[in-house]
Amino acid sequence: QVQLVESGGGLMQAGGSLRLSCVASGQTFSSYAMGWFRQAPGKEREFVAGISRSGGGTRYADSVKGRFTISRDNAKNTVYLQMNSLKPEDTALYYCAADQQALEVHTSTWAYDYWGRGTQVTVSS
């Protein structure tokens, strides 16, 4: 089992940048594909970005392509989400998730086995 703790959220003006971090417990971090999801009030949780176990493969939601970058440091058990050119519609609670033994990067919430509690990102116009 793995525990995930997100950090780095906050209040930012439109056009600004934030970097989210997610630290995983345990010694098998490199065996998990990792994903970032977000959920705005009244909306379903949606996929934002995902990264393969080695970091060699990534996927992004169309809404964040070219603005957000996911990366990971397996030596530090950490996955990052660099968010640039933030927009008010990026406002949401951002979750980190781990997909055990994944052979590819999944975009569905049901594919992920472990979840963090989330970090709030608020973008003002």
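To be clear, the structure that these remarks concern was listed above.
Attention here is on the structure that accompanies the text. These numbers come from a predicted model, not from an experiment. (Residues numbered from 1 in each chain as written. Predicted model: local features only at pLDDT ≥ 70, side-chain atom pairs only at ≥ 80, totals over all residues. Heavy atoms only, no water.)

**As for the overall build of the protein chain**
The test is simple: Numbered from the N terminus, helices here are DSSP runs of H or I no shorter than four residues, and strands are runs of E no shorter than two. Put simply, the radius of gyration uses C-alpha atoms, and a globule should come to 2.2 Å times the residue count raised to 0.38. Residue burial is assigned from relative accessible area. The probe radius is 1.4 Å, only protein chains are included, and a residue is buried under 20% of its type maximum, exposed over 50%, and partly exposed in between.
Of the regular secondary structure elements, the protein chain holds 0 helices and 11 strands. Listed N to C, the secondary structure of the protein chain is β-β-β-β-β-β-β-β-β-β-β in terms of helices and strands. For 125 residues, the compact-globule formula gives about 14 Å, and the C-alpha radius of gyration of the protein chain, at 13 Å, lands near that figure. Overall size of the protein chain, expressed as C-alpha extent along the three principal axes, is 40 × 25 × 25 Å. Split into buried and exposed, the 125 residues of the protein chain put 44% on the buried side.

**Quick notes on the pattern of salt bridges**
Cut-off, in case you're wondering: Only one rule defines a salt bridge in this text: a Lys or Arg side-chain nitrogen within 4 Å of an Asp or Glu carboxyl oxygen.
Tallied over the full model, the rule gives 4 salt bridges. For the salt bridge of Arg-38 with Glu-46, the shortest nitrogen-to-oxygen distance reads 2.7 Å. Among the charged side chains, a salt-bridge network with shared partners connects Arg-38, Glu-46, Arg-67 and Asp-90.

**Description of the state of the cysteines**
Here is the rule we go by: Any cysteine sulfur atom paired with another within 2.5 Å is treated as part of a disulfide.
Applying the stated criterion across every chain, the model contains 1 disulfide. Disulfide pairing is shown between Cys-22 and Cys-96; the S-S distance is 2.1 Å. Between Cys-22 and Cys-96 the disulfide shows an S-S torsion of about -75°. By sign, it is left-handed. Here the residue Cys-22 occupies a position in strand 3 (residues 18–24), and Cys-96 occupies one in strand 9 (residues 92–100), the gap between them amounting to 74 residues. Exposure remark for Cys-22: the relative accessible area of 0% places this residue in the buried category.

**Details of the pairing of strand 8 (residues 78–83)**
Stated precisely, the cut-off is as follows: At least two DSSP bridges between two strands are needed for those strands to be called paired.
Burial of strand 8 is extensive: 5 of the 6 residues sit out of reach of the surface. In this structure, strand 3 lies alongside strand 8, joined through 6 bridges in antiparallel fashion. Note on strand 8: the bridge partner recorded for Val-23 is Thr-78. Here 6 bridges tie strand 7 (residues 68–73) to strand 8, and the two strands are oriented antiparallel to one another. Its bridge partner being in strand 8, Thr-69 is matched across the sheet by Gln-82. As consecutive antiparallel partners, strand 7 and strand 8 are separated by 4 residues, and within that stretch Asn-77 has a phi angle of approximately 55°, a positive value.

**With respect to the packing of aromatic side chains**
We count it as follows: Put simply, two rings from Phe, Tyr or Trp (the six-membered ring, in Trp's case) pair if the centres are within 6.5 Å, and we call them stacked under 30 degrees between planes, edge-to-face over 60, tilted for the rest. To sit over a ring, a charge needs its Lys NZ or Arg CZ within 6 Å of the ring centre and within 35 degrees of the ring normal.
Inspection of every chain in the model, using the stated rule, returns 6 aromatic pairs. When the centroid spacing of 5.1 Å and the interplanar angle of 80° are considered together, the rings of Phe-37 and Tyr-112 count as edge-to-face. Of this pair, Phe-37 sits in strand 4 (residues 32–39) while Tyr-112 is found in the loop between strand 9 and strand 10 (114–115), placing the two residues 75 residues apart along the sequence. For the pair shown, Phe-37 and Tyr-112 are each scored as buried. The rings of Phe-37, Phe-47, Tyr-95, Tyr-112 and Trp-115 are connected pair by pair, giving a single aromatic cluster. The aromatic ring of Phe-29 is capped on one face by Arg-72, whose charged end is 4.4 Å from the ring centroid.

Function cannot be read off these values alone, since they describe shape.
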